[in-house]
Every structure is written in C-alpha cells, then in structure tokens.
Amino acid sequence: MKVKACRECRTITTKPVCPKCKAALSDDFSGLAIVMDAEGSEIAKVMKITEKGRYALRVR
Amino acid sequence: MSEQTPPTTSIFAVRTTAGQEKNVATLIAARAERNRLPIKAVLAPEVLKGYVFVEAEGPHFVEETIAGIRHVRSRVPGIVSFSEVERYMVVKPLIEEFDVDDVVEVISGPFKGMRAKITRSDITKGEVVLELLEATFTLPITVHADYVRIVQKAKKEKRNFGKESD
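Residues numbered from 1 in each chain as written. Chains lettered and ligands numbered in written order. Predicted model: local features only at pLDDT ≥ 70, side-chain atom pairs only at ≥ 80, totals over all residues. Heavy atoms only, no water.

Asks: Describe the overall build of chain A, and please don't skip the residues or the numbers.
Replies: For chain A, the count of helices and strands is 1 helix and 7 strands. Counting helices and strands in the order they occur from the N terminus, chain A gives β-β-β-β-β-α-β-β. In summary, chain A has a C-alpha radius of gyration of 11 Å against a globular reference of 10 Å for 60 residues, a match within 12%. Burial status across chain A gives 47% buried among its 60 residues. Within chain A, contacts between residues at least 6 apart in sequence are counted, and of these 39% link residues at least 24 apart. Entry remark: accessible area of chain A is about 3,200 Å², with carbon and sulfur atoms responsible for 50%. Side chains of chain A give 13 positive and 7 negative charges; the mean places of these two sets differ by 6 Å. (Helix = DSSP H or I, 4+ residues; strand = E, 2+ residues; numbered from the N terminus. Rg over C-alpha atoms; globule rule 2.2 N^0.38 Å. Buried < 20%, exposed > 50% of the residue type's maximum accessible area, 1.4 Å probe, protein only. Contact = heavy atoms within 4.5 Å. Areas by Shrake-Rupley, 256 points an atom, 1.4 Å probe, with all protein chains shown as cover. Lys, Arg positive; Asp, Glu negative; His and termini not counted. Charge placed at Lys NZ, Arg CZ, Asp CG, Glu CD.)

In structure tokens:
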C-alpha cells in the first residue's frame, strides 16, 4: 500500500482518506516528523501538532 | 508577569548513513516506544542528508535510544538550537523565494536540465512563467515552482558608476 500524506494535517497514512481529518491525501510529500509526546514536544508545538503520530514536513 | 517557561527538552542531532534518515527515525521512534524512553519527537528533514534530529530531555536518553541501531553513525556532541531546526519544520513555499529575472534550472519535466529566466510568478497557483535561455526563440513556459531550482538571483538594482556600457 502506498504511503500518502494528508494535505490538511500532514498525517502520513496508507489509508485512502486521512484517518484524522478525512481530507484528501497526496503522495507528493517530503520529510518525516514522528511525534511521540505531543504535549511535551517543542517540535510538535511549532508544527501545531496535537496528537502523536507520523507527519510529513512538506505536502504538495 | 506571565513569562514563558523555557523548554524542558533539547534537540540533539544524530548522524546517519545518507539516504537512511527516514528508516533511522522510524527505528528510533520504535525503540523509544518499546523501551518507554522519554523521546518527544524525531525529525528527518528531506533537505538535510545524513542527519536526524531527536527531541529529548537529555543526551543520555538519545544515546540509549540510538545505541546499536542500524545506519546510525554517532550522536553529534552538543545541543542543536531550536532556531536552527525550526527552518526545517516550517517550510516556506519555494515560490516566495523567486523574483522576476532570477535564473533558474528546470529540474523536472520535458525541459529538465535547461536554464531559464523567470518572467512572472503566480504565488496563488505556485507557478512561475519562464523564458528558456537555450531556446533560439522566446518560448514562455509555465512550470510549478517545485520543479525549478535557483541558479542565480537577479541583481536588485543596477548601479551606474562611471560610464554606462552599451
């Protein structure tokens, strides 16, 4: 299954729609951010991520 | 009165084999989860080859996590400042960096490898209109900003010191 990223929340998934926001996905993305503790992470704060998971840095 | 509390975590750089950054990030996250290590986040920017960033409370947690992981070379001594990593997290659209008259190289599509000059940029569409330098006649082409790479920035203004050449 091809890995894709959500155009809205940048979640990386293999599902046909984004499991978090149900938005459209794109297979043209780059970078990877794995957030394990969204509340305690400064990286998550800057990226405006509130849930743990795998995220793309740039989605086209 | 309301002062911002300094972050309790720091960012550490880990050197990896080039091209294995995403795999290393995944392995670090998996090990941290399995061993319940306090790793907050792992970052693998595509533009930075051979490095991943790990956010943790201390360097010993990072050392413990990366020990023995395949494709990990070493931890870079010291802390990486947040401002240095921030530029990889908040990606500025490439189109904003282009100006009219910049010389660019087309990196994808049928005109791949050709050099061109930007004649117009459409920020809303994320497209640039180019004029190929190698073409014998003026051929305007519209390309997405991601498919061009800047070669030479346009000079901001001409300074006419002394004689003006014709």
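Asks: Mind laying out the interface of chain A and chain B, listing which residues take part and the relevant values?
Replies: Counting residues at the interface gives 22 residues for chain A, matched by 29 residues for chain B. Summing the contributions of chain A and of chain B, the shared interface buries around 2,100 Å²; its carbon and sulfur component is 59%. Together, Met36(A), Ile43(A) and Arg58(A) form the three largest contributors to the area buried by chain A at its contact with chain B, with a combined 29%. In this structure, the connection of chain A to chain B is made through 3 salt bridges. One salt bridge in this structure joins Lys40(B) and Asp37(A), with 2.9 Å as the shortest N-O distance. (Buried area = accessible area lost by both parts, 1.4 Å probe. Salt bridge = Lys/Arg side-chain N within 4 Å of Asp/Glu carboxyl O.)

Asks: Go over unusual backbone geometry with me, naming the residues and quoting the values.
Replies: Residues and elements named next belong to chain A. Positive phi, close to 70°, is recorded for Arg-10, a residue that is not glycine. You will see that Lys-22, though not glycine, has its phi angle at about 60°, which is positive. Tracing the chain through its elements places Lys-22 in the loop between strand S2 (12-13) and strand S3 (25-26).

Asks: If you had to explain the sheet that holds strand S6 (residues 115-122) of chain B to someone new, which residues and values would you point to?
Replies: Residue and element names in this part refer to chain B. A sheet is described by the order of its strands in space; here 5 strands give the open sequence S8-S7-S6-S5-S9, paired in antiparallel fashion. At either end of the open sheet lies a strand with only one pairing partner, and these are strand S8 (140-144) and strand S9 (148-152). Averaged over neighbouring strand pairs, the angle between their axes works out to 45° when direction is ignored. Where strand S5 (residues 103-106) and S6 come together, 3 bridges link them in antiparallel fashion. Opposite Glu-105, over in S6, you have Arg-115 as the bridge partner. (Pairing = 2+ DSSP bridges. Axes fitted to C-alpha atoms, helices over the stretch in contact; angles between N-to-C directions.)

Asks: Please give an account of the pattern of salt bridges that cites residues and values.
Replies: On inspection of all chains with the given rule, the structure shows 11 salt bridges over all chains. In this structure, Lys52(A) and Glu33(B) form a salt bridge, with 3.0 Å as the shortest nitrogen-oxygen distance. Highlighted residues: Lys52(A) in the loop between helix H1 (42-46) and strand S6 (53-55) and Glu33(B) in helix H1 (residues 21-34), drawn from two different chains. Each of the salt bridges in this network shares a partner with another, and the network as a whole consists of Asp37(A), Lys40(B) and Glu57(B).

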